[in-house]
Amino acid sequence: MPLSEHEQRMLEQMERALYAEDPKFATALEGSGLRTYTRRRVYQAVAGFLVGIALLMAGMVAQQIWISVVGFLVMLGCAVLAVTGWRKAPKPGEQPAGAVPGAPAARRQSKPKRSMMDRIEQRWQRRRDEQGGR
């Protein structure tokens, strides 16, 4: 169930008040930090993968199987982190799910609903129905 006009106006008013009161916090909620966080995580995973290769090679040179196994496990774990981090990273022009503050109203309405917003709206409707049924 979409928000009524009054609820949409109230939400936009709260967003404007948030920007006026604390613009630094509001821009942090926009999600551009998420993209840099996931990019940094992917870079760390690549560096860890290279450390895993070094451990694998060092285990082979030192003829210590356990060092090679640890190196392989480090490589495997870092590869999984890099792939999952890369898939979760929002595209450059895209806003991540849940980033409502700061988005223009027209752009926000044209996007499909997010699961978190659906849950919030369902809770809101349930509370409304419970209060109206008394």
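Every value quoted in this text rests on a predicted model; they were computed, and no experiment measured them. (Residues numbered from 1 in each chain as written. Predicted model: local features only at pLDDT ≥ 70, side-chain atom pairs only at ≥ 80, totals over all residues. Heavy atoms only, no water.)

**Describing the overall build of the chain**
Point 1. Looking only at helices and strands, one finds six helices and zero strands in the chain.
Point 2. Beginning at the N terminus, the succession of helices and strands in the chain can be written as α-α-α-α-α-α.
Point 3. Considering the chain as a whole, with its 134 residues, one finds that 20% of them fall into the buried category.
Point 4. Long-range contacts, defined here as pairs at least 24 residues apart, represent 59% of the contacts in the chain between residues at least 6 apart. (Helix = DSSP H or I, 4+ residues; strand = E, 2+ residues; numbered from the N terminus. Buried < 20%, exposed > 50% of the residue type's maximum accessible area, 1.4 Å probe, protein only. Contact = heavy atoms within 4.5 Å.)

**Notes on the UniProt feature "transmembrane region" (unreviewed entry) in the chain**
Point 1. As recorded in UniProt, the feature "transmembrane region" (unreviewed entry) lies at residues 42-59 and 65-86.
Point 2. Secondary structure within residues 42-59 divides into 100% helix and 0% strand; the distance between the first and last C-alpha atoms comes to 25 Å. (UniProt positions renumbered as here; feature names shortened; annotations may be inferred.)

**Quick word on a nonpolar patch on the surface**
Point 1. Together, Ile65, Val69, Phe72, Leu73, Leu76 and Val80 make up an exposed nonpolar region whose accessible area comes to about 590 Å².
Point 2. Mapped onto the elements, Leu76 comes out in helix 4 (residues 65-88).
Point 3. Overall, the relative accessible area of 46% leaves Leu76 in the partly exposed class. (Patch = residues over 30% accessible without salt bridge, like charges linked within 9 Å, V, L, I, M, F, W, Y side chains within 5 Å. Areas by Shrake-Rupley, 256 points an atom, 1.4 Å probe, with all protein chains shown as cover. Salt bridge = Lys/Arg side-chain N within 4 Å of Asp/Glu carboxyl O.)

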